[in-house]
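Structure assessment
Residue-level listing of the chains:
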Amino acid sequence: MTDLYRRESKSVSNMAQLRFFPQAVVGGKGSYLRGDDGRQLLDFSASWGAASLGHAHPSVREAITRAFSDQAGASYLSSANEPSVLLAEKLLSLVPPRSRGRVWLGHSGSDANETVARMVVAATGRRRILAFKGAYHGGTSGSMAVSGHPALKGVEKFGGLILVPYPNSYAAGDPTAASAAALSHLEEVFSADVRPEEVAAFFIEPIQGDGGLLVPPVGFFAEIERFCRQHGILLVCDEVKFGLARTGLLHAFEHSGIEPDIVVFGKGLGGGLPISAVVGPEPIMNHSPTFSYQTLHGNPICASAALAVLETIEKDGLVRNSADIGSYMLASLSKRSRDWDLVGDVRGKGLAIGIELVGDRVSRAPAKIQTALTVYRAFQLGLVMYYVGSNSNVLELTPPLILSTSEADEGVSIIGQALQDVAAGKVSPDLISSFAGW
Ligand SMILES: Cc1ncc(COP(=O)(O)O)c(/C=N/[C@@H]2CCCCNC2=O)c1O
């Protein structure tokens, strides 16, 4: 453990800490972080996807320097400012017609989803919300209230919340069976006392992230969209983690061929700065003034960073890079993992990849401890990655969208070494005793 990490434990509260190993950084450029011990760390998390363009990207740096050099205030609450208007106009140009109405800007995926949860009930007068078991929509009261992730199970839920299972093709052994089971469960939750017409919105993740990087079966969300249209339910797509080129398409929902009513952006939108956005139909988004606001919402510096991210994604072809490097890395991992006994499944889209670790490939029993040891060992070997999953056994790879082939090779090699060291019993469980993970 380094000096900086020790000093942190004497000064910073642990309330926000989700720690897997003693990572302490002092800088970073591109796909790498620099540890306070001087080590170069290949960052396969990008701070849970927020550093979408990697670290210290020049286009973001220039944008925020310019915005801060001639500062148009610090908020859009009581004043329009040009960067926020430009960002809103840009986001409206990127979403499909159904959601092309108005834009709300926030700080995080959490405050964005919390706003949507309140807004859909207030705007429609309907008192129920559908969401998926395993879903993570945020860490604030109102976003946790519509989440189904086990890490959030002790938190008060929205009174009208209905949680239904997300299809898990690996667990079911077959995507068709997984889809059929999830869809029949959805039908079964309704009765004379619980009617679909009472549901204001259905919150979906186009790929379920923190629940285990679950890629939905082909056709599943087309059925969900049909169900929502049939009953006048707003389809809310949470693109916070896997939106904006992360999955090899601009929007992750495009893989399912659906058109959400409301789209939520966050994380990578700001390229490392805190900004989120909700884009939806004008009647819903303008149902009431002064409904959801915080002092620094719509601040011009973060809005300028977001504009630079969107422009760079377009200018540097990062949707294509995510698709190409992601496919390359998925193929490499799938091939090499045949020799890595701990790996049960490798899945994902673009640069959103999950590696599920199991005790054995027949029972598919989650290998929770080995997962924690693997991310710790990878850190020792120079790679930053974390894990997700309702059973805490899925390595999550969300590297910067600028990742190169050689960086992909370097990361895959370290992952392989870490998995083999853990499988060979070379990594002491004592190492993770003070890291709770989740
Ligand atoms: C699909 C989705 N929607 C909303 C959020 C909440 O975003 P914020 O953490 O920026 O408030 C998230 C955040 N996900 C968590 C953040 C906490 C640490 C665990 N890993 C995540 O990616 C998310 O994945």
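The residue numbering used here restarts from 1 in each chain and proceeds along that chain's sequence as written. Restriction of local features to residues with pLDDT of at least 70 applies here, the model being predicted, together with a cutoff of 80 or more for giving and counting side-chain atom pairs; totals for whole chains, interfaces and linings are based on all residues. Heavy atoms from the whole structure form the basis of all side-chain values; hydrogens and water molecules are not counted.

Turning to the overall build of the protein, a few remarks are in order. What counts as a helix is a DSSP run of H or I of at least four residues, what counts as a strand is a run of E of at least two, and both are numbered from the N terminus. A tally of helices and strands in the protein yields 14 helices and 15 strands. The globule rule is 2.2 Å times the number of residues to the power 0.38, and the radius of gyration it is compared with is taken over C-alpha atoms. By the compact-globule yardstick of 22 Å for 438 residues, the protein fits well, its C-alpha radius of gyration being 21 Å. Within the span of the protein, comprising 438 residues, buried residues form 55% of the whole. Exposure was quantified through the Shrake-Rupley algorithm and a 1.4 Å probe, taking into account, for residues, occlusion by the shown protein chains and nothing else. Just so you have it, the protein exposes about 17800 Å², and 52% of that area is on carbon and sulfur atoms. The sign given to each residue is positive for Lys and Arg and negative for Asp and Glu; His and the chain ends receive no count. Here the site of a charge means atom NZ of a Lys, CZ of an Arg, CG of an Asp or CD of a Glu. When the 38 positive and 43 negative side-chain charges of the protein are each reduced to one mean point, those points stand 3 Å apart. To sort residues, take the accessible area from a 1.4 Å probe on protein chains only and compare it with the maximum for the residue type: under 20% means buried, over 50% means exposed, and anything in between is partly exposed.

On to the site of the ligand, then. Taken together, 16 residues are adjacent to the ligand, and S110, D210, D238, K241 and K267 come closest. Here a polar contact is taken to be a pair of N or O atoms separated by no more than 3.5 Å, where protein atoms must pair a possible hydrogen donor with a possible acceptor and residues adjacent in sequence count only if both atoms sit in side chains. Y136 is positioned with one of its backbone polar atoms (N or O) 3.4 Å from a nitrogen atom of the ligand. Separating an oxygen atom of the ligand from a side-chain N or O atom of K267 is a distance of 2.7 Å. Contact with the protein chains hides 85% of the accessible area of the ligand, taken as 510 Å² for the molecule alone. A total of three residues in the shell around the ligand trace back to one element, the largest contributor, which is helix 5 (residues 109-124). Gly falls in the polar group here, along with every residue not listed as nonpolar (Ala, Val, Leu, Ile, Met, Phe, Trp, Tyr, Cys, Pro) or charged (Asp, Glu, Lys, Arg). Taken together, the residues that form the shell around the ligand break down as five nonpolar, six polar and five charged. Any residue with a heavy atom positioned within 4 Å of a molecule or strand is treated as near that molecule or strand.

All right, on to the domain arrangement of the protein then. Here the limits of each domain have been adopted from an automatic or database domain assignment. We note that the domain assignment places domain 1 (3-56 + 317-432) and domain 2 (59-315) within the protein. Taking the mean C-alpha position of each, domain 1 and domain 2 sit 25 Å from one another. Facing 33 residues of domain 1, the contacting portion of domain 2 comprises 36 residues. Counted as salt bridges are all cases of a side-chain nitrogen of Lys or Arg within 4 Å of a carboxyl oxygen of Asp or Glu. The interface formed by domain 1 and domain 2 holds one salt bridge in total. A salt bridge links K241 to E396; its shortest N-O distance comes to 2.5 Å. Counting residues per element, the ones that place at least two in the side of domain 1 that touches domain 2 are helix 2 (46-49), helix 12 (318-336), strand 11 (343-349), strand 12 (352-357) and strand 15 (394-397). Ranked by residues supplied to the side of domain 1 that touches domain 2, first place goes to strand 11 with five residues. By residue class, the composition of the side of domain 1 that touches domain 2 is 16 nonpolar, 11 polar and six charged. We call two residues contacting when some pair of their heavy atoms lies within 4.5 Å.

Moving on, we come to the environment of I162. For I162, the position within the fold is in strand 6 (residues 161-164). Each C-alpha atom, one on I162 and one on F132, is 8.2 Å from the other, the two residues being 30 residues apart in sequence. Among residues more than four places away in sequence, those in contact with I162 are R128, I129, L130, A131, V189, F190 and V194.

Here we take up the sheet that holds strand 15. The pairing criterion for strands is at least two bridges between them, as found by DSSP. Here we have four strands laid out as an open sheet, ordered 11-12-15-14, and antiparallel in their pairing. What marks the edges here is a single partner per strand, and that holds for strand 11 and strand 14 (386-388). In this sheet, adjacent strand axes meet at a mean angle of 30° when their direction is disregarded. Note that strand 12 and strand 15 share four bridges and pair antiparallel. Within strand 15, the position partnered with G354 by the bridge is E396. Under this scheme, a helix contributes an axis fitted over its contacting stretch, all axes are lines through C-alpha atoms, and angles between N-to-C directions fall in the 0 to 180 degree range.

Time to look at the environment of L244. Note that L244 resides in the loop between strand 8 (234-238) and strand 9 (262-265). In this structure the C-alpha to C-alpha distance between L244 and L161, which are 83 residues apart in sequence, comes to 28 Å. Setting aside chain neighbours within four positions, we find L244 in contact with E239, L250, F265, L269, L310, I313 and L401.

Glancing now at helix 3 (residues 58-69). Given the number of residues in a helix, its expected span is that number minus one, multiplied by 1.5 Å. In this model, helix 3 (12 residues) spans 16 Å end to end at C-alpha, consistent with the 16 Å of a helix rising 1.5 Å per residue. Contacts made by the buried residues of helix 3 are with helix 11 (300-315).

Okay, the packing of helix 13 (residues 368-381) against helix 14 (residues 405-423) next. Two elements in contact, helix 13 and helix 14, have axes separated by 8 Å at closest approach and are oriented at 130°. By the angle between their axes, helix 13 is oblique relative to helix 14. Read as a crossing pair, helix 13 and helix 14 show a hand that is right-handed. Here Q370, L373, T374, R377, A378 and L381 of helix 13 come into contact with helix 14, specifically with I414, Q417, A418, L419, D421 and V422. Broken down by class, the residue content of the contact of helix 13 with helix 14 amounts to seven nonpolar, three polar and two charged. The labels follow the angle: roughly parallel below 35 degrees, roughly antiparallel above 145, roughly perpendicular from 65 to 115, and oblique for the rest. By the definition used in this description, the sense in which the near helix is turned from the far one sets the handedness, with an anticlockwise turn below a right angle giving left-handed and a clockwise turn giving right-handed.

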